[in-house]
Amino acid sequence: MKTSHLLLLAIACPTIAFAQMPPNAESVAAVTKIENDMSAALTKPEAAAAESMLADSYYATNPDGTTQNKTQFMADLKSGDLKLESNKLDDMKVQVADADMAVVTYRSTDKVSYKGKDISGQYRWTDVLMKRDGKWQFVVSHGTQIATAKP
């Protein structure tokens, strides 16, 4: 009976230790980099660079509640309907859930217009990224505008 308890403990301890390990620093750095690379691609704009960072299955819920797939998002960027003049990212937290999946939350301060309408402000974002064929890509994004206090 003691042998079975020791065997169970020997199997469980590495699993418990692995669950308590800090996230993979290399993955956190790579995901942080792609977030910053996407910001740069959107503000320049460099549509080809942005497009390569989006999974074919990319899906976004925008701050106004509308949704877009990759094709629709890229059409807005390429046409100039989406114009991001500046995009400052801060308060970023990267959670690597797996060797090939990460969830990122952050705040952006944007000077942006959409179809000629100024929608500048601060936003909270949640992005889900997957690592496919050795490359991190955005799979899902969700944004919410941060309400400003009325004087």
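The rules we used
Residues numbered from 1 in each chain as written. Predicted model: local features only at pLDDT ≥ 70, side-chain atom pairs only at ≥ 80, totals over all residues. Heavy atoms only, no water. Helix = DSSP H or I, 4+ residues; strand = E, 2+ residues; numbered from the N terminus. Contact = heavy atoms within 4.5 Å. Expected span 1.5 Å × (residues − 1). Buried < 20%, exposed > 50% of the residue type's maximum accessible area, 1.4 Å probe, protein only. Polar contact = N/O pair within 3.5 Å; in protein donor to acceptor, adjacent residues only side chain to side chain. pLDDT = per-residue confidence, 0-100. Phe/Tyr/Trp six-rings, centres within 6.5 Å; stacked < 30°, edge-to-face > 60°. Salt bridge = Lys/Arg side-chain N within 4 Å of Asp/Glu carboxyl O.

Colleague: Whenever I open this one, the environment of M130 confuses me. Can you help?
Modeller: Here M130 shows up in strand β6 (residues 121-132). Expressed as a C-alpha distance, the spacing of M130 and A99, which sit 31 residues apart in the sequence, is 9.0 Å. With sequence-adjacent residues up to four places away left out, M130 is seen in contact with D100, M101, K135, W136, Q137 and V139.

Colleague: Just to check I follow, could you spell out helix α2 (residues 25-43) for this structure?
Modeller: Because the α-helix completes a turn every 3.6 residues, residues three or four places apart line up on one side. In this model α2 runs 27 Å from its N-terminal to its C-terminal C-alpha over 19 residues, within 8% of the 27 Å that 1.5 Å per residue would give. If you check which residues of α2 are buried, you get S27, V31, I34, E35, M38, S39, A41 and L42. For α2, the side-chain oxygen to backbone nitrogen distance between the N-cap and E26 is 2.8 Å, and the N-cap itself is N24.

Colleague: Looking at this structure, how should I read the confidence of the model for the protein?
Modeller: Close inspection of predicted coordinates is inappropriate for parts of the model with low pLDDT. In the predicted model, the protein carries a mean pLDDT of 88, and the fraction of residues at 70 or more is 84%. Scored below 50 in pLDDT, residues 3-21 makes zero contacts in the model with residues more than four places away or belonging to other chains.

Colleague: Help me understand the side chain of S27, please; the structure alone is not making it clear to me.
Modeller: Along the chain, S27 falls in helix α2. Not counting residues within four places of it along the chain, the set of residues in contact with S27 comprises V96, A99 and W136.

Colleague: How should the packing of aromatic side chains be read in this particular structure?
Modeller: Given two aromatic rings, one states the distance between the centres and the angle between the planes to describe the pair. This model, assessed by the stated rule, comprises two aromatic pairs. Ring geometry for Y58 against F73: centres 6.1 Å apart, planes inclined by 65 degrees, an arrangement best described as edge-to-face. A residue pair is termed long-range when its members are at least 10 positions apart, and Y58 in strand β1 (residues 54-61) and F73 in helix α4 (residues 70-79) qualify at 15 residues. The same class applies to Y58 as to F73, namely buried. Their ring planes at 40 degrees and their centres at 6.1 Å tell us that Y123 and W125 sit as a pair that is tilted. On the basis of relative accessible area, W125 is assigned to the buried category, the value being 18%.

Colleague: Looking at this structure, I do not really get the pattern of salt bridges. What am I missing?
Modeller: When charged atoms on two side chains of opposite charge get close, those side chains can pair. Counting across every chain of the model gives seven salt bridges. Note that K78 and E51 form a salt bridge whose closest N and O atoms lie 3.5 Å from each other. Taken together, the residues K78 in helix α4 and E51 in helix α3 (residues 47-52) connect sequence positions 27 residues apart. Of the residues examined, E51 reaches a relative accessible area of 29% and is grouped as partly exposed. When the shortest N-O distance is used, the salt bridge between D56 and K70 registers 3.2 Å. Of this pair, D56 sits in strand β1 while K70 sits in helix α4; the two residues are 14 residues apart in sequence, bridging distant segments of the chain. One network of salt bridges, with partners in common, ties together K88, D90 and R107.

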